[in-house]
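Coordinate analysis (summary)
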Amino acid sequence: MHVRRLDPILVDRIAAGEVVERPAAAVKELVENAVDAGATSIEIAVEAGGRRLIRIVDDGRGMTPEDLELAVERHATSKLPDGDLFSINTLGFRGEALPSIGAVARLSIVTRTVEAETGSSLVVEAGVKGPVRPAPAPKGTRVEVTDLFAATPARLKFLKSDRSEAQAVAEIVKRLAIAHPTIRFTLSGEHITAFTYPPEEPGEHGFLRRLSRVLGAEFHENAMSIGIEREGVRLTGFASLPTYHRGTGAAIHFVVNGRPVRDKLLLGAVRGAYADVMASDRHPVLAIMIDLDPRAVDVNVHPAKTEVRFRDPAFVRGFVVGALKEAITRYAFRASSTGGTRTLESLRPQGALPSRPAYPHRTHAIRPTSAFANWQAPLDPPERTYAPSSGLAERQANLPDLASPSADGRAMLHEIEPETEEAPLGAARAQLHGTYIVAQTQDGIVIVDQHAAHERLVYERLKRERAASGIARQLLLIPEVVDLDPVDADRVLAEASSLESLGLVVEPFGHGALLVREVPSALAGGRIKALVQDVADALAEWGQGAAGPLEERLDAVLSRMSCHGSIRAGRRMRPEEMNALLREMEATPLSGQCNHGRPTYVELKLTDIERLFGRR
């Protein structure tokens, strides 16, 4: 078979397979054209998930009849005036979108410039271009794509349901709306909850308002601001607190020179920045704009232009990791506002209560359970005196059948010092179930998970010691033998020198056994076998000779180790110990979440509690 030149229409259809793989891709290309045309308002409408109709209406500059005729030709564009492919300042630049769409669908364009008295229209159907005709039109451009992939029916078989395709369109529009907050975006159609994002003012506050509309109103209260510039690269935007996260990475948004991208390098940087404060199966919510010299980034590496390649990827990754870590440290003491909200919702019966509830007449009497059938409150309760020296344990000794109390209220015997109540975490008032500390603040209460909080404190202490002069070690009076799986034992022995710098000294002791001679002082008294097993698991996760930085590997091991030196759930604490824990939390970075990303405390405002009981 001889080599032959392909038909131009067939060439366009082949190109369309790369550029327009689904309706959402066509919407992306057309909306990007509208953005490049200087539009301040863009309306998008779809039917049947975009398969039957895609309509894009903008108020941009429009096109002259001559430009319109050329716009549907392959590789014809107005976006490379000097032909420099390494200095691209627009979203589009290849000139492939319109001819590719026209090759597989019916494409109709109506446009008018502000200087023209009348507009122009053009129709391209299955790759066949019609003549340019005069047409009435407002300033801007109106593009309609109907019967997408009608010219290539085989492609229709690979499309998902209309609902799935419509949701993909909505996701594309949301990403573009985040990238361009000063433009109004409107989306409507079948299988879509219509929305309109009004234009926002330029700057940080406008960007945060746009993010709150797209990512949810809760993001505003749980966002950390980011603004830093170095060596010609500027990072601006917002990222969520470590305790505000999602089950997937769909809410991670990066915008490079105005272009929404899903780049593996940047996603890896996010994972590295949050690795110390978030569980591996959770993902933050963030939107960060990266602005740099167009020559320092190549956007022509992916057919859909969703990936980029940086000239200095190591610098960009380190810059993003550093900016996120700095923000996490700056907002370290804050916990997600959704913790208190979820707590109130779990306490509120059958949804929200009205602010001033009207109590209807009961149609039936409330019947007490049999255990309390004959109980009633005394009319004149006797005066009670509480002696600090006589605790609950002494009283319970005289009542052997009395169950252990689930709340330790010894802290209530002490007067609250004003300066203690004014502290961010307030004054400890009780301990519940030997696990949770209840503290009183000036305007509410705080509930602290004592184990999660102390785990973070121990972890940060170990990291400080390692960074300073090395982690303090304690020699075991009787070295302990720990039996492990032979593979795990070999893995731990291979990292013995690194573990020694972390305060854990181990030696071989036969097949699959280790002899532990020293442990970190902060973990003295803990379960050594469980400690060594967790260290082996941490090393297995990273793998020997892992490519990650040594500091990250050591931190991962310290994170596992710190759990064994923490206050365990079920331990009763004295009031002085509870208040000491609260004060240390206030002075320790990242104390708002434990090593696994769970919140260490939730705060309930007094106004919310009063609303819960119908007082407001």
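Residues numbered from 1 in each chain as written. Predicted model: local features only at pLDDT ≥ 70, side-chain atom pairs only at ≥ 80, totals over all residues. Heavy atoms only, no water.

Bringing the overall build of the protein into the picture now. Along its length, the protein carries 20 helices and 26 strands. The 616 residues of the protein split such that 45% are buried. Long-range pairs, those at least 24 residues apart, make up 69% of the contacts in the protein with a sequence separation of at least 6. (Helix = DSSP H or I, 4+ residues; strand = E, 2+ residues; numbered from the N terminus. Buried < 20%, exposed > 50% of the residue type's maximum accessible area, 1.4 Å probe, protein only. Contact = heavy atoms within 4.5 Å.)

For the rest of this paragraph, the subject is the side chain of arginine 112. Here arginine 112 is to be found in strand 3 (residues 106-112). No salt bridge forms around the buried arginine 112; measuring N to O, its nearest opposite-charge neighbour glutamate 115 is 7.7 Å away. (Lys, Arg positive; Asp, Glu negative; His and termini not counted. Salt bridge = Lys/Arg side-chain N within 4 Å of Asp/Glu carboxyl O.)

Attention shifts here to the environment of alanine 496. Note on placement: alanine 496 falls in helix 16 (residues 496-501). Between the C-alpha atoms of alanine 496 and valine 506, which are 10 residues apart in sequence, the distance is 6.6 Å.

Taken in spatial order, the three strands make up an open sheet running 23-25-24, and their pairing is antiparallel. Every interior strand has two partners, whereas the edge strands, strand 23 (473-483) and strand 24 (505-508), have only one. Neighbour-to-neighbour, the strand axes of the sheet open up by a mean angle of 20 degrees, direction not taken into account. Pairing of strand 24 with strand 25 (residues 513-520), which is carried by four bridges, proceeds in the antiparallel orientation. Across the sheet, valine 505 pairs through a bridge with glutamate 518, a residue of strand 25. (Pairing = 2+ DSSP bridges. Axes fitted to C-alpha atoms, helices over the stretch in contact; angles between N-to-C directions.)

Our next topic: helix 10 (residues 313-330). With 18 residues, helix 10 extends 26 Å between its outermost C-alpha atoms, agreeing within 8% with the 26 Å of an ideal straight helix rising 1.5 Å per residue. For helix 10, the set of buried residues is Phe315, Val316, Phe319, Val320, Val321, Ala323, Leu324, Ala327 and Ile328. Residues of helix 10 that are buried make contact with strand 10 (223-230), strand 11 (233-240), strand 13 (252-256), helix 9 (264-274), strand 16 (286-291) and strand 18 (309-310). (Expected span 1.5 Å × (residues − 1).)

When strand 1 (residues 41-47) meets strand 2 (residues 53-58), the two strands line up antiparallel, connected through six bridges. Bridge pairing in strand 2 places valine 46 opposite isoleucine 54. Where strand 1 hands over to strand 2, the hairpin turn is made up of five residues, of which alanine 48 adopts a positive phi near 55 degrees. Strand direction decides the pairing type here: strand 2 and strand 7 (residues 140-146), joined by six bridges, are antiparallel. Following the sheet pairing, aspartate 58 is matched in strand 7 by threonine 141.

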